[in-house]
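# Results of the structural survey
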Amino acid sequence: MDPYASESDLVPWPPKEKVLSLRTGKVRPLTGDKITSAINKQPRQGKVYLTKLGFSGDERQFVPHQSPDNAVHQYASSHYERWRSDLPDRETKFVVGAFGENISTRHLSENNVCVGDKFRLGDAVVQVTMTRQPCFKLNHRFEHKKMSSLVQATGRTGWLYRVLQEGWVEEGDEIELIERINPTWPLSRLQHFLYTDRNNTEALTQLTTLPGLSSEFVRLFEKRLERGAEDMSGRLQGDVAMPWSSYTLVEKTRLTPRVQKFIFALDDEPVGAEELHFGRVPHVRIKFGPESKFTRAYSVVSGDMNRFELGIARDDNSRGGSLYLHDTLSVGDKVKVVKGHTSNIKWDTDHTLHAKKHVFVLGGIGVTAFLGEIRKLLEQCVQFEVHYAVRSLADAAYLDQLPSAHTTVYAKSEGQRLRVASIIPSLENNADPNVVVYCCGPTGLIEETRSITTALGYPRSHVHFEEFGGAATGTGDPFEVEIEATGKVLQVPQEKSLLQVLNEAGFDIDSSCLAGNCGACMVEYCKGEVVHQGVALDDEQKSSSMLSCVSRGKGRITVKC
């Protein structure tokens, strides 16, 4: 018996329950290309084998979490109701599986589960080792800067098991407590000394010898006895700032029949100096629409991360993004924004800054991509030309920001055509090119410019393409895709993309632009021939990866999911 507890402190024996959900997941990007996690777990149907290291097919990214003491994560489904009540503006995010749990039940919780409890789970036997320690990735998962701190403060953390006896488990199996070795140590009491009374010497001393407690927590409490409580800020906040921030649309002005100006202002605290300003070819990614349905990237015309301007055309072939912004989003409405940290452009700074001539090939709203670069070249008195193709002069957005002495406008309505071959100069010295070409606009214009510059021998570092949308759909000739881990073969019909088929099969493949420009949907392939589409991958990446939203296989390919 615990010498610091009384009979009244004995934790009631929990009821026998059924597993409501069984999930596993792979390590994947969580936000952009900076953070990865296996929190995005998907439901598993049928029996799944539980080994000493966890469920078959489940991954954990953080090396210490690959310990046998972290084999299974359980979360109380009843917590989601309280989260939806506490954070109603994010209620759609709080569904079973959102915390990355492997299994969930209704009545087990941190209040009636004790450290060291042994449960029969299907054919397996598991033992409670510790409460989950929330980390900064929950801030990104739920797009709330203090989510990890809230989870810690409320005690709705979930808990972890080691596997004492391997076996088969499936959704609907019973989970039953079969032995309790620490009847006065519910997880809620462990959390009290873990997060609140952190330097209680008597409690820490007992915890270092508590049967069943994870070796990770034993070491943590031993260090506290030696050095005092540790700094939790790194775990809760991470070393990567919360990317998504709330912005309000403060101005919406029509510039041309098809283009509107949108100015967004930051709602949260001001952005720090290190994240305030954009780099070359600035852009942002925006979440908007019902339940943040749309995620799109747009070039920034001017401003910084506290307040910036976008120029957005109403796309005739819109997949919902530009139509929503033009027809539904109103001044005062809020969106989520993250700074665009990467670009398809591969800058060779020395060459691009010292080139004798810069040629801009722009079409329609593609003019917004390079306005900042044009302003900089003008300030530096560098030689450059701007060739700007539009439907009509009335459609020439931001023409007032292009220096007239350097700009030629081609209006289709006037019978004028931008002939790319006539404006791209030949290279005088292929070993040291003296011309840099920039291009942004419709897919046809980009493809024509790419074809011509390739034929003329322009190196990759001297041709800069920027595109955030396009006509690519990912449809085409049917093919088969084999999943390497399972050997399962899926059919990809003519009218569907690989991305659609994989997600329909239960694989959680991220996506954003759906046009092959952002790289979010990238998957690895290890066998077969791939017809690459899109611009997000370089030649080296294409040898082992593909963009599932637009690229297709021939015959049969094998991918890693």
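Refer to the structure presented above.
Presented here is an overview of the structure given in this document. (Residues numbered from 1 in each chain as written. Predicted model: local features only at pLDDT ≥ 70, side-chain atom pairs only at ≥ 80, totals over all residues. Heavy atoms only, no water.)

Scanning the protein from terminus to terminus reveals 15 helices and 30 strands. For the protein, the residues scored as buried account for 51% of the 561 residues in total. Taking as baseline every contact in the protein between residues at least 6 positions apart, the subset at least 24 positions apart corresponds to 69%. Summed over its atoms, the accessible surface of the protein is roughly 25,400 Å², and 48% of this surface lies on carbon and sulfur atoms. (Helix = DSSP H or I, 4+ residues; strand = E, 2+ residues; numbered from the N terminus. Buried < 20%, exposed > 50% of the residue type's maximum accessible area, 1.4 Å probe, protein only. Contact = heavy atoms within 4.5 Å. Areas by Shrake-Rupley, 256 points an atom, 1.4 Å probe, with all protein chains shown as cover.)

To continue, consider the pattern of salt bridges. All told, the structure shown has 19 salt bridges when counted by the stated rule. Among the salt bridges present, the one from arginine 314 reaches aspartate 327, with a minimum N-O distance of 2.6 Å. Of this pair, arginine 314 sits in the loop between strand S19 (307-313) and helix H9 (321-327) while aspartate 327 is found in helix H9, placing the two residues 13 residues apart along the sequence. A relative accessible area of 35% places arginine 314 in the partly exposed class. Residue class for aspartate 327 comes out partly exposed when judged on its relative accessible area of 48%. Glutamate 529 serves as the salt-bridge partner of lysine 554, at 3.7 Å between the closest nitrogen and oxygen. Here glutamate 529 lies in strand S28 (residues 522-531) and lysine 554 lies in strand S30 (residues 552-560), a separation of 25 residues in the sequence. Under the relative-accessibility criterion, lysine 554 is labelled partly exposed at 47%. Residues participating in the shared-partner salt-bridge network are Lys16, Glu174 and Glu176. (Salt bridge = Lys/Arg side-chain N within 4 Å of Asp/Glu carboxyl O.)

With that settled, the discussion passes to the sheet that holds strand S21 (residues 357-363). Pairing is parallel across the open sheet formed by five strands, whose spatial order is S23-S22-S21-S24-S25. For this open sheet the edge positions go to strand S23 (407-411) and strand S25 (463-465), each flanked by a neighbour on one side alone. Across the sheet, the axes of successive neighbouring strands diverge by a mean angle of 15°, strand direction being ignored. Where S21 lies against strand S24 (residues 435-440), six bridges are found, and the strand directions are parallel. (Pairing = 2+ DSSP bridges. Axes fitted to C-alpha atoms, helices over the stretch in contact; angles between N-to-C directions.)

To continue, consider the environment of lysine 16. Residue position: lysine 16 is located in the segment before strand S1 (17-18). A sequence separation of 160 residues divides lysine 16 from glutamate 176, and the C-alpha atoms of the two residues are 4.7 Å apart. Here lysine 16 is in contact with Glu174, Ile175 and Glu176, once residues within four sequence places are set aside.

Right, let's talk about the sheet that holds strand S2 (residues 21-24) for a bit. A sheet is described by the order of its strands in space; here nine strands give the open sequence S1-S14-S10-S11-S12-S8-S9-S2-S5, paired in mixed fashion. The open sheet has two edge strands with one neighbour each: S1 and strand S5 (42-43).

Here the focus is the packing of aromatic side chains. What the rule picks out here adds up to 17 aromatic pairs. The interplanar angle of 55° and the centroid separation of 5.8 Å between the aromatic rings of tyrosine 80 and phenylalanine 99 together place this pair among those described as tilted. With a gap of 19 residues between them, tyrosine 80 in helix H1 (residues 78-86) and phenylalanine 99 in the loop between H1 and strand S9 (103-105) connect regions that are remote in the sequence. For the pair shown, tyrosine 80 and phenylalanine 99 are each scored as buried. Through successive ring pairs, a cluster of aromatic residues spans Tyr75, Tyr80, Trp83, Phe94, Phe99 and Phe142. Taking NZ or CZ as reference, arginine 189 lies 3.9 Å from the ring centre of tryptophan 185, over its face. (Phe/Tyr/Trp six-rings, centres within 6.5 Å; stacked < 30°, edge-to-face > 60°. Lys NZ or Arg CZ within 6 Å of the ring centre and 35° of its normal.)

As judged from the four bridges shared by strand S15 (residues 245-254) and strand S20 (residues 334-339), these two strands associate in the antiparallel manner. Each residue of the ladder has a partner; that of tyrosine 247, found in S20, is valine 335. In terms of strand pairing, S15 meets strand S16 (residues 259-266) through seven bridges, oriented antiparallel. Within S16, the position partnered with arginine 254 by the bridge is glutamine 260. Two successive antiparallel strands, S15 and S16, enclose a turn made up of four residues.

Another aspect to go through is unusual backbone geometry. Look at cysteine 381: it is not a glycine, yet its phi comes out positive at around 55°. With respect to the helices and strands, the residue cysteine 381 is situated in the loop between helix H11 (371-379) and strand S22 (384-390). Judged by relative accessible area, cysteine 381 falls into the exposed class, the value being 70%. At tyrosine 398, a position not held by glycine, the phi torsion is positive, near 60°. Mapped onto the elements of the fold, tyrosine 398 is located in the loop between S22 and S23.

Attention now goes to helix H3 (residues 147-154). Burial in H3 covers these residues: Met147, Ser148, Val151 and Gln152. Down the axis of H3, the buried side of the element spans an arc of 140°, and every buried residue falls inside it. Next to the buried residues of H3 lie H1, helix H2 (137-141), helix H4 (187-196) and helix H7 (233-237). Directly after H3, the chain includes glycine 155, whose backbone phi takes a positive value near 80°. (Arc of directions from axis to C-beta.)

Glancing now at the environment of lysine 496. Along the chain, lysine 496 turns up in the loop between strand S27 (489-492) and helix H14 (498-504). Overall, the relative accessible area of 26% leaves lysine 496 in the partly exposed class. Put simply, lysine 496 and valine 550 are 54 residues apart on the chain and 9.8 Å apart in space, counted from C-alpha to C-alpha.

In this section: the environment of phenylalanine 94. Here phenylalanine 94 lies in the loop between H1 and S9. As for phenylalanine 94 and glutamate 81, which are separated by 13 residues in sequence, their C-alpha atoms are 7.9 Å apart. Once residues within four sequence positions are removed from consideration, phenylalanine 94 is found in contact with Tyr80, Trp83, Arg84, Leu87, Phe99, Phe142 and Met147.

The next point concerns the nonpolar core. Ranked by internal contacts, the top residues of the largest apolar core, which has 41 residues, are Leu50, Phe55, Ile103, Phe119, Leu121, Tyr161 and Phe221. Broken down by secondary-structure element, the contributors of at least two residues to this core are strand S6 (48-51), strand S10 (118-121), strand S11 (124-131), strand S12 (159-165), strand S14 (174-179), H4, helix H5 (201-207) and helix H6 (215-227). Here the element with the most residues in this core is H4; it accounts for five residues. Those residues in contact with phenylalanine 55, other than ones at most four positions away along the chain, are Leu22, Thr24, Val48, Tyr49, Leu50, Ala71, Val72, Asn102, Ile103, Leu121 and Val169. Residues Phe360, Ile374, Ala397 and Leu402 belong to the second largest nonpolar core, which totals 26 residues. (Core = buried A, V, L, I, M, F, W, Y, C linked by side-chain atoms within 4.5 Å.)

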